[in-house]
Amino acid sequence: MVKVAVISGSLRKEAVSTKIAKNVAELFPPEFETELVEIGNLPVFDQDYEEEGNTPEEYTRFRNTMKEVDAVLFVTPEYNRSIPSALKNVLDVGSRPYGESIWNGKPAAIISQSPGNLSGFGANHHLRQILTFLNMPSVQQPEVYLASSFDLLDDNGKFKEEGTVQFLQSFVDVFIDLIKRYQA
Ligand SMILES: Cc1cc2nc3c(=O)[nH]c(=O)nc-3n(C[C@H](O)[C@H](O)[C@H](O)COP(=O)(O)O)c2cc1C
């Protein structure tokens, strides 16, 4: 079984990012296990936590979960033309202790969304910059910028349009090819 962690950049209960993430998780074939990983419980990163005996247990739990994962799907809104702080926090937490980053070498894919027309371009590319440094080979094409994201979902939180599903399926298929290349 290939494990894919799904990380939503939004903590709010009704987050469109999380709803989109759940829809996209269903597009993976049965031999892929997707898991929505909680990030809202992680204390804000403080380098003093790296001292022996000082590691928050939420960090240890998160790092242990992520060590078992083969790939990561990020779905994020844009906050002030960048990624939300909760998402940056989890990237920082996972990157330490130095030399033991849980991100290293894991294939990744990015979806950004916004309720307006801009579709989270700034967040998407700031995240891309970070993933480059974290050594996460990422899906380049198709890029996924979802505009008018609140209009994409019905009352049950499902995509309204078959065209949206088809586009995201083509994105997931490319991601699967990338993951398989790194499994070999
Ligand atoms: C602190 C803050 C900053 C925001 N900055 C941006 C922004 O730079 N660009 C944008 O398109 N939307 C911005 N928004 C609006 C978000 O796109 C909107 O809240 C979005 O729905 C959040 O996604 P969610 O439903 O997954 O929480 C901002 C919202 C907040 C709370």
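Residues numbered from 1 in each chain as written. Predicted model: local features only at pLDDT ≥ 70, side-chain atom pairs only at ≥ 80, totals over all residues. Heavy atoms only, no water.

**With respect to the UniProt feature "domain: NADPH-dependent FMN reductase-like" (unreviewed entry) in the protein**
Piece 1. In this numbering, the UniProt entry assigns the feature "domain: NADPH-dependent FMN reductase-like" (unreviewed entry) to residues 2-149.
Piece 2. Summarising residues 2-149: 30% helix, 18% strand, and an end-to-end C-alpha distance of 29 Å. (UniProt positions renumbered as here; feature names shortened; annotations may be inferred. Helix = DSSP H or I, 4+ residues; strand = E, 2+ residues; numbered from the N terminus.)

**Comments concerning the site of the ligand**
Piece 1. Residues in close proximity to the ligand total 14 residues, the closest being Ser 10, Arg 12, Ser 17, Asn 80 and Arg 81.
Piece 2. In the model, a nitrogen atom of the ligand is placed 2.9 Å from a nitrogen or oxygen of the Glu 78 side chain.
Piece 3. Contact between the ligand and Gln 113: an oxygen atom at 3.0 Å from a side-chain N or O atom of the residue.
Piece 4. Relative to its unbound accessible surface of 620 Å², the ligand loses 71% to contact with the protein.
Piece 5. Partitioned by chemical class, the residues of the shell around the ligand number six nonpolar, five polar and three charged. (Near = heavy atom within 4 Å. Polar contact = N/O pair within 3.5 Å; in protein donor to acceptor, adjacent residues only side chain to side chain. Areas by Shrake-Rupley, 256 points an atom, 1.4 Å probe, with all protein chains shown as cover. Nonpolar A, V, L, I, M, F, W, Y, C, P; charged D, E, K, R; others polar.)

**As for the sheet that holds strand β1 (residues 2-8)**
Piece 1. Within the open sheet, the five strands sit side by side as β2-β1-β3-β4-β5. Their pairing is parallel. Two strands bound the open sheet, and with one partner strand each, they are β2 (32-36) and β5 (144-146). Averaged over all pairs of adjacent strands, the angle between their axes in this sheet comes to 20 degrees, without regard to strand direction.
Piece 2. In the sheet, β1 pairs with strand β3 (residues 71-76) via five bridges, with the strands oriented parallel. Pairing of Ile 7 across the sheet is with Phe 74, part of β3.
Piece 3. This element, helix α4 (residues 121-133), spans β3, β4 (108-113) and β5 of the sheet and lies at about 160 degrees to β4. (Pairing = 2+ DSSP bridges. Axes fitted to C-alpha atoms, helices over the stretch in contact; angles between N-to-C directions. Contact = heavy atoms within 4.5 Å.)

**Things to note about the pattern of salt bridges**
Piece 1. Under the counting rule described, the total for this entry stands at six salt bridges.
Piece 2. In this structure, Glu 50 and Arg 96 form a salt bridge, with 3.7 Å as the shortest nitrogen-oxygen distance. With a gap of 46 residues between them, Glu 50 in the loop between β2 and α2 (57-67) and Arg 96 in the loop between α3 (85-94) and β4 connect regions that are remote in the sequence.
Piece 3. Note on Arg 96: relative accessible area 26%, which makes it partly exposed.
Piece 4. Across the pair Glu 57 and Arg 61 runs a salt bridge, and its minimum N-O distance is 3.0 Å. (Salt bridge = Lys/Arg side-chain N within 4 Å of Asp/Glu carboxyl O. Buried < 20%, exposed > 50% of the residue type's maximum accessible area, 1.4 Å probe, protein only.)

**Focus: the environment of Val 44**
Piece 1. As for its placement among the helices and strands, Val 44 is situated in the loop between β2 and α2.
Piece 2. Residue classification places Val 44 among the exposed residues on the basis of a relative accessible area of 66%.
Piece 3. Between the alpha carbons of Val 44 and Ser 85 there is a distance of 9.1 Å; along the sequence they are 41 residues apart.
Piece 4. Contact partners of Val 44, with chain neighbours within four places excluded, come to Tyr 49, Tyr 59 and Asn 89.

**What to know about the packing of α2 against α3**
Piece 1. Packing of α2 against α3 brings their axes to within 10 Å, and their N-to-C directions diverge by 80 degrees. One element, α2, and the other, α3, form an angle in the roughly perpendicular class. Residue-level inspection shows Tyr 59, Phe 62 and Arg 63 of α2 in contact with α3, the latter providing Val 90, Val 93 and Gly 94.
Piece 2. Split into classes, the residues belonging to the contact of α2 with α3 amount to four nonpolar, one polar and one charged. (Parallel < 35°, antiparallel > 145°, perpendicular 65-115°, else oblique.)

**Regarding the side chain of Arg 128**
Piece 1. With respect to the helices and strands, the residue Arg 128 is situated in helix α4.
Piece 2. One buried charged residue, Arg 128, forms no salt bridge at all, with the nearest opposite charge on Glu 143 at 5.3 Å.
Piece 3. For Arg 128, the side chain forms a polar contact with the main-chain oxygen of Val 139, separated by 3.0 Å.
Piece 4. Setting aside residues no more than four positions away along its own chain, Arg 128 makes contact with Ile 110, Val 139 and Gln 140. (Lys, Arg positive; Asp, Glu negative; His and termini not counted.)

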